[in-house]
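Structural characterization, general
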Amino acid sequence: MEIPNGKWMYLIDQEIANQVAQKVPMKYELTERMFRATEEEAEAMEMEIRAQVEKETGSDQVARAVSIYLPLLLESEALSKSKTNQKANLPEILSEREAALIAQREIMLSEKETQQTEQMLTRILQRQLSLMNY
């Protein structure tokens, strides 16, 4: 599956993301900003995430996978509550491993890239959880 216009939420149209953010509470501040963003703001956030992940992993494919599946992983509960995942045919992603395996299949990651994607998603999720505790 190709990413149209390089958008981070190619599975979630930005207009739909905005509607989800208005209807149900977001769990994480990062994804709240992403879901409430304009298309331009969302693209800038996606590019920032991709650049950071690529710098750390050395892989543009891992960076791509993380930026695509991170919002779906972090806000799976909000998407489920809003019923957006059914309307937009979004996968329900409940774990970092599941996200990495979907990314492997959808964007053709190697086994190493799949492992790196899972590790990066785990680190980002842990970081977001630690920020919630402040």
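Sequence order as written defines residue numbering, which begins from 1 separately in each chain. Side-chain atom pairs in this predicted model are given and counted only at pLDDT of 80 or more, local residue features only at pLDDT of at least 70, and totals for whole chains, interfaces and linings cover all residues. In computing side-chain values, all of the structure's heavy atoms are included and hydrogens and water are not.

**As for the layout of surface pockets**
A cavity here means a set of 1 Å grid points, computed over protein atoms only, where a 1.4 Å probe fits but cannot escape. A pocket is an open set with protein on both sides within 12 Å along at least 5 of 7 lines, and lining residues have an atom within 4 Å of a point. Grid points are joined across faces, edges and corners, and a volume is the space filled by probe spheres set on the points. Counted as a void, the largest pocket has a volume near 370 Å³. Lining the largest pocket are 16 residues; nearest its centre among them are Leu30, Ile49, Gln52, Ile124 and Gln128. When contributions to the lining of the largest pocket are tallied by element, the ones reaching two or more residues are helix H2 (29–36), helix H3 (39–57) and helix H8 (111–132). Of the residues assigned to the lining of the largest pocket, the class counts are 8 nonpolar, 2 polar and 6 charged. Each helix is a run of H or I in the DSSP string that is no shorter than four residues. Each strand is a run of E no shorter than two, and both are numbered from the N terminus. Nonpolar residues are Ala, Val, Leu, Ile, Met, Phe, Trp, Tyr, Cys and Pro. Charged residues are Asp, Glu, Lys and Arg, and all others, Gly as well, are polar.

**Notes on the pattern of salt bridges**
Here a salt bridge means any side-chain nitrogen of Lys or Arg lying within 4 Å of a carboxyl oxygen belonging to Asp or Glu. Going through the model one piece at a time under the given rule, you end up with 7 salt bridges. A salt bridge links Glu29 to Arg33; the nearest nitrogen and oxygen atoms lie 2.7 Å apart. Of the two residues, Glu29 and Arg33 both sit in helix H2, 4 residues apart, roughly one turn of that helix. Where Arg97 meets Glu118, a salt bridge forms, and the shortest distance between an N and an O atom there is 3.0 Å. With Arg97 in helix H7 (residues 96–107) and Glu118 in helix H8, the pair connects residues that are 21 residues apart, well separated along the chain. On the accessibility criterion, Arg97 (33% relative accessible area) is partly exposed. Exposure classes here rest on a 1.4 Å probe applied to the protein chains alone. A residue is buried below 20% of its type maximum, exposed above 50%, and partly exposed in between.

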